[in-house]
Amino acid sequence: MNTLIQPAPVAVRTEPRDSWASVFALARFESRRLLLSIPVLVAFAVHLAWIVWHTLDSYDGFPALQDADRDTQSPPMLVGLAVLLTVNLAVLRSRRRDTDRHFDVLVVTTWRRSAAHVLSVVPAALLTAVCVGVQFGWEALKPGAVGHGSPGELLVGPLTVLLFGTLGVLLARLLKSAFVGPLLVVFFLFFVVLGVAPGDTESGTRWLNPVVGESSSETLPSDLLGRPAAWHALYLLGLGLTAAVLAVLAGGGRRVRTLYAALGGAMALTLVGAIAQSGGEPASLTAAREKATVDPEQTCVQRGRSTYCAYPEWEPRVGTWAQVVDEVSDLAGGTAHGQRLLVRQRVEARYGLSGDGALQPSGTAHEVTVGTRWGGPRVPEFSSAVAAVLVAGNEQAGSELCDGRIVTVMWLALGWQDQPMDALRKVRLDDSVSGSAIVLQPTDPLSMSAAQTDVVRTLLTRPRGEATARVKEHWSELTAPGLTTARAAELLGVKGITEKDGCQE
Amino acid sequence: MTTPRRLSNVPELLLPLWRTLPWRALGAAAALGLLVAGASRLPAGFSPWLALNALRAAALAFALGLAFLLDDPARHTTATVPTPRPVRQALRLALVAPFAALWWTAAVLLVPAEVRPPVGAVTLEAATVCALALAGAAAAIRRTDEPEPGVGVGAGLLTVAVLAPLLWPDRWELFVTVGDPEWADAHERWGVVLTVALVGCAVWAREPVRRLRVRSPLT
């Protein structure tokens, strides 16, 4: 009788399988659910729609990239709120469905599941980075773009999403109720998005907010902005990592030693960022702003008869300025037709981005000021400044014009444009084409009386050649001091104008 | 079954219903609402615009709490009680209503009188957002088998609340500021939305007569 001998069982490897692989698998699954959840899908759809709507005609096609990078910051907060809500509900899903107990028999421990939830936020942040990249890339590829964007400013959007997402996980681990997420979104909506933050808007504490806006719409050279963008990005990253590590700690990771080291590192990052960003404006920046305003270092180039001096970042724009100057000179008669001009770019940088400062008109003969923005109404504004200098000799005198010479100035400024009536509407402060109004210029504004407006409007509706010929014919009289509006109208063949001049208004 | 018998056990229902109300959600929502409204007392001071939005945010917070009002973990077992669903839901609402009224009064009084928006109009807005939350909850109960749809309803309400001010067409402006010439017209529109939401609440409170089922043509 043979004894049936069972073969010894094959040894099975009992060491735990790579549990990080399961963490990544869970993170992949959760991030897929997160990205396909309705609030996140809606938020990304709205974000993309906003990008298209905003970027199609932002900055009138002439963006300064040091301004355009800040535009990418606020909309991702919406995505962040959606991610916060969804990831919060995802962490609490097992509790809501009463499947927590089943997880106890799995090899993936609770803290690793928390880590997977934290990791599931990363693809949403990366997708936000892609959206931000698309928006900024679009601006940068516009033919009229100048300046430099800052990576620190561009990182704010994705890092906000990361921060909000990790906060969602942390709060789900701390307050295990499904209604905490939605209520938290209302809280953030009110206190962060509406900008009701404690603290003075001028002080360093405003940088504790994720997104820090500026009250001024001035465009400055990028080295004069004085925004601690890189430190702020570091602060946001540190804050996000701190929330992430705390979430894992609160989610069953109290025994994992490395987490405490990670927490220390993340908090150190946050602190370094927070302290460095709230340092205020260094004295060297104030000095640089003073210098750029009063005695700037500019490169000057000659185009045609005139010279153009611009801040280095604006050099590519010299060509467009030269076009305007040439068009205006072509309409002028007498010596003004061949007059050499110096076009100097100026900016009031001493107030930084906290307030707008007005530029004083220059007293130097034949010098015209051009600002840092371009496109839209800025074109006829510059054009009228060139015209005023050609007629009056310098900007100071040009800004004091009020007699019939205003008609000459406005004809020179607008007569060459393709849509002169549109340009007239744009250059006037109240967007009107009749009655008296203020005409904006890079420096002090001009004012047009109602009768002067009537003459200019009539001229602009006539054939261009006819009006140009009349202006050149009577040039010396049309630019003589003391010319009345009625006389100017008579010289230009416009009837029914009786006003002496506009100086009394 | 006659109506008097259907309503006869209402007094017995009151206590169990009182116990099942989502007091924690409502309490948290009310507390957050008061916090937001109370922020207007901060020394920095609120502009009238901010005070109006503080009250709107407070109302939204409370409405999110109300989204959980119709949650009933025992839904599948209470489906068989003789008291019909509209009566049970109305009872829940009646139990919460005094609390809500007290809370709203407190929230409005927390905003300093000099920046407080017109109380009647803001109350109309608050009532509308609460009615929308309840209509959403009633619809979720009616159209799904989910016993606790509060989370989904809250998320939906929140999405609508964030997107509506961004995407609502200007022709039918709803989110006006105090002093806007559209203020009165906008609040007529709020009244319309409130009516629609209340009708929704009433319609979705009814119990379905029978389950919707596609009948196979072969049977």
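Residues numbered from 1 in each chain as written. Chains lettered and ligands numbered in written order. Predicted model: local features only at pLDDT ≥ 70, side-chain atom pairs only at ≥ 80, totals over all residues. Heavy atoms only, no water.

An unreviewed UniProt entry annotates chain A as ABC transporter permease of Streptomyces cupreus.

A. Expanded view of the overall build of chain B. Regarding its fold elements, chain B presents nine helices and zero strands. Listing every helix and strand of chain B by position from the N terminus yields α-α-α-α-α-α-α-α-α. Each principal axis of the C-alpha atoms in chain B carries an extent, and together these give about 65 × 45 × 30 Å. The 219 residues of chain B split such that 46% are buried. Put simply, 80% of the contacts in chain B that link residues at least 6 apart link residues at least 24 apart. Per element, the accessible surface of chain B, about 11,800 Å² overall, is 67% carbon and sulfur. Positive and negative side-chain charges in chain B, numbering 20 and 15 respectively, have mean positions lying 13 Å apart. (Helix = DSSP H or I, 4+ residues; strand = E, 2+ residues; numbered from the N terminus. Buried < 20%, exposed > 50% of the residue type's maximum accessible area, 1.4 Å probe, protein only. Contact = heavy atoms within 4.5 Å. Areas by Shrake-Rupley, 256 points an atom, 1.4 Å probe, with all protein chains shown as cover. Lys, Arg positive; Asp, Glu negative; His and termini not counted. Charge placed at Lys NZ, Arg CZ, Asp CG, Glu CD.)

B. Broad picture of helix α19 (residues 450–461) of chain A. All names here are of chain A. With 12 residues, α19 should reach 16 Å at 1.5 Å per residue; the first-to-last C-alpha distance of 17 Å fits that figure. Every buried residue belonging to α19 is among Ala451, Gln452, Thr453, Val455, Val456, Leu459 and Leu460, and all of these are buried. Of the surrounding elements, those touching the buried residues of α19 are α17 (405–414), α18 (420–427), β6 (446–448), α20 (464–473) and α22 (485–491). (Expected span 1.5 Å × (residues − 1).)

C. Local environment of the packing of helix α7 (residues 110–119) of chain A against helix α11 (residues 229–250) of chain A. Residue and element names in this part refer to chain A. Contact geometry for α7 and α11: axes closest at 8 Å, N-to-C directions at 150 degrees. Between α7 and α11, the crossing angle belongs to the class labelled roughly antiparallel. The handedness of the crossing between α7 and α11 is right-handed. Taking contact as the criterion, the partners of Trp111, Ser114, Ala115 and Val118 in α7 are, on α11, Ala244, Ala247 and Val248. Counted by class, the contact of α7 with α11 contains six nonpolar, one polar and no charged residues. (Axes fitted to C-alpha atoms, helices over the stretch in contact; angles between N-to-C directions. Parallel < 35°, antiparallel > 145°, perpendicular 65-115°, else oblique. Left-handed = near helix turned anticlockwise from the far one by under 90°. Nonpolar A, V, L, I, M, F, W, Y, C, P; charged D, E, K, R; others polar.)

D. Representation of the packing of helix α4 (residues 48–66) of chain B against helix α6 (residues 85–110) of chain B in the model. All names here are of chain B. It is at 11 Å that the axes of α4 and α6 come closest, and there the two elements cross at 160 degrees. What the angle tells us is that α4 and α6 run roughly antiparallel. When you trace α4 past α6, the crossing you get is right-handed. Counting all contacts with α4, which are made through Leu55, Ala58, Ala59, Phe62 and Leu66, the residues of α6 involved are Val96, Phe99, Ala100, Trp103, Trp104, Ala107 and Val108.

E. Spotlight on the side chain of Arg227 of chain A. All names here are of chain A. Here Arg227 shows up in the loop between α10 (180–193) and α11. There is a polar contact of 2.6 Å between the side chain of Arg227 and the side chain of Glu214. Sequence-distant contacts of Arg227, defined by excluding residues within four places in its chain, comprise Arg70, Gln73, Glu153, Trp207, Val212, Gly213, Glu214 and Leu353. (Polar contact = N/O pair within 3.5 Å; in protein donor to acceptor, adjacent residues only side chain to side chain.)

F. Summary view of the packing of aromatic side chains. Residue and element names in this part refer to chain B. Applying the stated criterion across every chain yields a total of 13 aromatic pairs over all chains. Summarising the aromatic geometry, the rings of Phe62 and Phe99 are spaced 6.2 Å apart at their centres and angled 45 degrees between planes, so their arrangement reads as tilted. Of the two residues, Phe62 is situated in helix α4 and Phe99 in helix α6; the sequence distance between them amounts to 37 residues. Residue classification places Phe99 among the partly exposed positions, given a relative accessible area of 30%. The interplanar angle of 15 degrees and the centroid separation of 4.4 Å between the aromatic rings of Phe62 and Trp103 together place this pair among those described as stacked. A residue pair is termed long-range when its members are at least 10 positions apart, and Phe62 in helix α4 and Trp103 in helix α6 qualify at 41 residues. When its relative accessible area of 2% is taken as the criterion, Phe62 is described as buried. By the ring-pair criterion, three or more aromatic residues cluster together here, those being Trp18, Trp23, Phe62, Phe99, Trp103 and Trp104. (Phe/Tyr/Trp six-rings, centres within 6.5 Å; stacked < 30°, edge-to-face > 60°.)

G. Quick look at the UniProt feature "transmembrane region" (unreviewed entry) in chain A. All names here are of chain A. The positions UniProt marks with the feature "transmembrane region" (unreviewed entry) are residues 34–56, 76–94, 115–138, 154–172, 179–197, 229–251 and 258–276. Secondary structure content for residues 229–251 is 96% helix and 0% strand, while the C-alpha to C-alpha distance between its ends is 33 Å. The span residues 258–276 is 100% helical and 0% strand by assignment, and the distance between its end C-alpha atoms comes to 27 Å. (UniProt positions renumbered as here; feature names shortened; annotations may be inferred.)

H. Quick peek at the sheet that holds strand β1 (residues 299–303) of chain A. Residue and element names in this part refer to chain A. Taken in spatial order, the four strands make up an open sheet running β1-β2-β3-β4, and their pairing is mixed. With one partner strand each, in any of the chains shown, β1 and β4 (367–370) form the two edges of the open sheet. For this sheet the average axis-to-axis angle between neighbouring strands, irrespective of direction, equals 20 degrees. Sheet topology note: the strand β3 (residues 342–345)/β4 ladder contains four bridges and is parallel. The residue of β4 that forms the bridge with Gln345 is Val370. Here helix α14 (residues 318–331) sits on the sheet and contacts β1, β2 (306–310), β3 and β4; the angle it forms with β2, its principal contact strand, is near 145 degrees. In the packing of helix α15 (residues 378–392) onto the sheet, contacts are made with β3 and β4, and the angle to β4 comes to roughly 170 degrees. (Pairing = 2+ DSSP bridges.)

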